[in-house]
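# Topology and contacts: notes
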Amino acid sequence: QVQLVESGGGLVQAGGSLSLTCATSGRSFSGGIMAWFRQAPGKEREFVAGISRTGKNTNYADSVKGRFFISRDNTNSAVYLQMNSLKPEDTAVYYCAADASLSFTRATVAGLYDDWGQGTQVTVSS
């Protein structure tokens, strides 16, 4: 199992930027895909971005494409989410997820991930 700890959330005005970090420990970090999900009050947890084990392949939800960018550093066992041009509808708790055996083609499915962080709140004011 891997332990995930998110940081970097906060309050920002619309149009601003935030950078989230997910620090990992435990199982070999480079062995699996990583992803960011988010959950707004009263809504289902939704996929935001995913990255393959080598970082070569990435995938984004349509709602964040061109504004958010996911990356990973296997040396430092971390995954990042750079969020630009933030909108009020981006307000949510953001979660980091990891799975050692999940195929990248299924990275958007929250229920298939083994490991989750505790989440970090992102609030975008209008």
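Residues numbered from 1 in each chain as written. Predicted model: local features only at pLDDT ≥ 70, side-chain atom pairs only at ≥ 80, totals over all residues. Heavy atoms only, no water.

### Some words on the overall build of the protein chain
This is how the line gets drawn: Under the scheme used here, helices are H or I runs from DSSP no shorter than 4 residues and strands are E runs no shorter than 2 residues, and both carry numbers assigned from the N terminus. The reference for a compact globule is 2.2 Å times residues^0.38; the radius of gyration itself is calculated from the C-alpha atoms. Buried, partly exposed and exposed residues are distinguished by accessible area as a fraction of the type maximum, computed with a 1.4 Å probe on protein chains only: under 20%, between the cut-offs, and over 50%, respectively. Two residues form a contact once any of their heavy atoms are found within 4.5 Å. For every accessible area listed, the method is Shrake-Rupley and the probe measures 1.4 Å; residues are considered covered only by the protein chains on display.
Looking only at helices and strands, one finds zero helices and eleven strands in the protein chain. Each helix (α) and strand (β) of the protein chain, taken in turn from the N terminus, gives the series β-β-β-β-β-β-β-β-β-β-β. Here the protein chain has a C-alpha radius of gyration of 13 Å; the compact-globule value for 126 residues is 14 Å, and the two agree. In terms of its C-alpha atoms, the protein chain occupies a principal-axis envelope of roughly 40 × 25 × 25 Å. Among the 126 residues that make up the protein chain, the fraction classed as buried is 43%. Considering only contacts within the protein chain whose residues lie at least 6 apart along the sequence, 59% involve residues at least 24 apart. Just so you have it, the protein chain exposes about 6100 Å², and 47% of that area is on carbon and sulfur atoms.

### Re unusual backbone geometry
Although it is not a glycine, S77 sits at a positive phi angle of roughly 55°. Here S77 shows up in the loop between β7 (68–73) and β8 (78–83). The phi angle at S85 is positive, at roughly 50°, despite the residue not being glycine. In this structure S85 comes out as partly exposed when scored by relative accessible area, which is 41%.

### Here we look at the environment of A23
Relative to the assigned elements, A23 resides in strand β3 (residues 18–26). Here the alpha-carbon distance between A23 and V79, two residues 56 residues apart in the chain, equals 6.8 Å. Ignoring any residue separated from it by four or fewer positions in sequence, one finds A23 in contact with Q3, L4, V5 and S77.

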